[in-house]
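# Close look at the chain arrangement
Below are the chains, spelled out letter by letter.
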Amino acid sequence: MLSPLTPAYDSILELAPYQTGKPVEELKREYGVSDVVKLASNENPLGCSPHVTLAITEQLGQLARYPDGNGYYLKQALADFNNISAKCITLGNGSDDLLDILARSFVGSDDVIVYSQYAFIVYSMLAKMQGATDIEVPTQRFGHDLAAMRQAVEDNPKTKMVFIANPNNPTGTMLEHKALREFVASMPASVLVVLDEAYIEYSPESNNRALLDEFDNVVIVRTFSKAYGLAGLRVGYALSSPAVADLLNRIRQPFNVSRIALAAAEAALTDQDFIEKTRVSNLEQMRWLEKQFDALGLAFIKSHANFIMVEIEDAVAINQALLEQGVIVRPLAGYGLSDWLRVTVGVAEDNLRLIDTLHSILNDD
Ligand SMILES: Cc1ncc(COP(=O)(O)O)c(C=O)c1O
């Protein structure tokens with residue numbers, strides 16, 4: 001029987017709300033701990049560029065005014081930065097907003113979405129939201145198995161969209177440009193390949209921007225939330241053909257990026273020294289964490305981003321023990337990886353605190 005609670009699609013009932021990293025304030029409230037280290041949401045532990053503060057301050061007198069719905073200045077800056085026309089850019093309230101706009105623009109309930117096992121969980125959520133069929137292709141060594149994904153598209157002629165996260169969250173795996181290009185070239189023109197490059201600043205060698213010059217069915221989605229350190233402001237962007245951008249711009253909300261976020265992102269983009277500093281610090285700390293995991297006898301997956309997945313028996317209990325001692329990491333049971341934790345690479349002090357705490361938990365001292 002129909003009721004006001006009957007969702008648009010039955011698959012919506014299968015959706016669980018997205019599990020975010022526990023906020024620091026929540027942990028303080030729940031566990032009464034005062035000194036909290038959060039290594040759970042792949043945020044930049046160095047914060048953001050100092051240029052951002054000035055840009056935000058300049059906007060404070062204008063808060064009664066709507067932002068520029070077309071984000072003219074940020075789009076111009078992104079067009080220069082990516083050597084692309086501003087007509088190819090769509091702005092979003094974080095890249096999650098763009099993934100959502102993409103699914104709403106192109107995927108109907110008769111369509112199929114293909115993605116990899118252990119890929120960013122939002123892709124399967126979007127399929128359920130649209131009442132579409134989702135095909136999760138088994139992973140190959142924790143990464144995307146492009147040959148199997150190609151086969152899945154071939155086997156499912158109603159495939160409308162393929163999501164690929166590169167580097168992938170939560171596994172940190174990265175695909176070679178050549179393999180990705182071959183994959184895109186093998187796709188029917190009717191299939192939109194969405195490359196989610198949320199962590200691309202940590203692996204610039206894998207930049208696939210060139211695919212846009214060759215293929216009209218590629219969309220690249222990026223964010224200011226990770227290396228640029230603006231997760232709290234919510235800004236992302238999509239690069240695509242002008243025709244795809246035109247459709248996305250019809251679907252997005254008219255003022256989906258705030259005045260402050262637009263100004264902050266533009267300022268952040270101009271400070272590539274900060275991005276370089278971020279990359280160097282991340283790499284140095286990643287190598288240190290790898291050594292510590294080796295010393296603790298814990299297996300990990302080589303990561304190309306700003307987090308690392310570590311295998312740990314009893315991960316649920318270990319996660320709980322870490323929380324009680326004020327250390328927030330990300331358990332991965334929701335991904336079917338119940339023996340793994342994902343740790344965001346922090347600054348030296350935070351990483352040391354994690355390793356010391358982990359050491360004391362594992363050695364029961
Ligand atoms: C692969 C990937 N894509 C997209 C996002 C969404 O980030 P945001 O909406 O903050 O841009 C995340 C965040 O964790 C991510 O890991």
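Residues numbered from 1 in each chain as written. Predicted model: local features only at pLDDT ≥ 70, side-chain atom pairs only at ≥ 80, totals over all residues. Heavy atoms only, no water.

## Thoughts on the site of the ligand
- With respect to spatial proximity, the complete set of residues near the ligand consists of G94, S95, D96, F120, N169, D196, A198, Y199, T223, S225, K226 and R234.
- R234 is positioned such that a nitrogen or oxygen atom in its side chain is 2.7 Å from an oxygen atom of the ligand.
- Calculation on the ligand without its partners gives an accessible area of 400 Å², and the protein chains cover 94% of this total.
- Among the residues forming the shell around the ligand, the class breakdown is three nonpolar, five polar and four charged. (Near = heavy atom within 4 Å. Polar contact = N/O pair within 3.5 Å; in protein donor to acceptor, adjacent residues only side chain to side chain. Areas by Shrake-Rupley, 256 points an atom, 1.4 Å probe, with all protein chains shown as cover. Nonpolar A, V, L, I, M, F, W, Y, C, P; charged D, E, K, R; others polar.)

## Quick notes on helix 7 (residues 177-186)
- Those residues of helix 7 that sit buried are L180, F183 and V184. Each buried residue of helix 7 lies within a common arc of 95 degrees when the element is viewed along its axis, so the set occupies one face.
- Packing partners of the buried residues in helix 7 comprise helix 6 (146-155), strand 5 (159-165), strand 6 (192-196), helix 8 (211-214) and strand 7 (218-223). (Buried < 20%, exposed > 50% of the residue type's maximum accessible area, 1.4 Å probe, protein only. Helix = DSSP H or I, 4+ residues; strand = E, 2+ residues; numbered from the N terminus. Arc of directions from axis to C-beta. Contact = heavy atoms within 4.5 Å.)

## Remarks on the sheet that holds strand 7
- Here seven strands make up an open sheet; going across it, the order is 2-8-7-6-5-3-4 and the pairing mixed. Of all the strands in the sheet, just strand 2 (89-92) and strand 4 (133-137) have a single pairing partner and so form its edges. Taken over all neighbouring pairs, the strand axes of this sheet differ in orientation by 20 degrees on average, direction set aside.
- Alignment of strand 3 (residues 112-116) against strand 5, held across three bridges, turns out to be parallel. Residue pairing for strand 5: V112 is matched across the bridge by T159. (Pairing = 2+ DSSP bridges. Axes fitted to C-alpha atoms, helices over the stretch in contact; angles between N-to-C directions.)

## Comments concerning the sheet that holds strand 12 (residues 330-331)
- Taken together, the four strands give an open sheet; going across it, the order is 9-10-13-12, and neighbouring strands pair in antiparallel fashion. Of all the strands in the sheet, just strand 9 (300-301) and strand 12 have a single pairing partner and so form its edges.
- As paired strands, strand 12 and strand 13 (residues 340-344) are joined by two bridges and run antiparallel to one another. Residue pairing for strand 13: R330 is matched across the bridge by R342.

## Examining the pairing of strand 6
- Counting buried positions along strand 6 gives five out of five residues, so the element sits mostly inside the fold.
- The alternating pattern of strand 6 places L192, V194 and D196 and V193 and L195 on opposite faces, both of which are buried.
- When strand 5 meets strand 6, the two strands line up parallel, connected through five bridges. By the bridge assignment, M161 is partnered in strand 6 with L192.
- Running through helix 7, the crossover from strand 5 to the neighbouring parallel element strand 6 is right-handed. (Right-handed = clockwise from strand over helix to strand, strands pointing away.)

## Some words on a negative patch on the surface
- Where like charges cluster on the molecular surface, the negative patch consists of E311, E313, D314 and D339.
- The topology assignment puts E311 in strand 10 (residues 307-311).
- Owing to a relative accessible area of 35%, E311 belongs among the partly exposed residues under this scheme. (Patch = residues over 30% accessible without salt bridge, like charges linked within 9 Å, V, L, I, M, F, W, Y side chains within 5 Å. Salt bridge = Lys/Arg side-chain N within 4 Å of Asp/Glu carboxyl O. Lys, Arg positive; Asp, Glu negative; His and termini not counted. Charge placed at Lys NZ, Arg CZ, Asp CG, Glu CD.)

## Some remarks on the domain arrangement of the protein chain
- Taken domain by domain, the protein chain comprises domain 1 (10-47 + 273-362) and domain 2 (51-270).
- Domain 1 and domain 2 are separated by 24 Å when their C-alpha centres are compared.
- In this complex, domain 1 contributes 32 residues to the contact, which on the side of domain 2 involves 28 residues.
- For the pairing of domain 1 and domain 2, the buried interface totals around 2,500 Å² over both sides, and the portion due to carbon and sulfur atoms is 67%. (Domains from an automatic or database assignment. Buried area = accessible area lost by both parts, 1.4 Å probe.)

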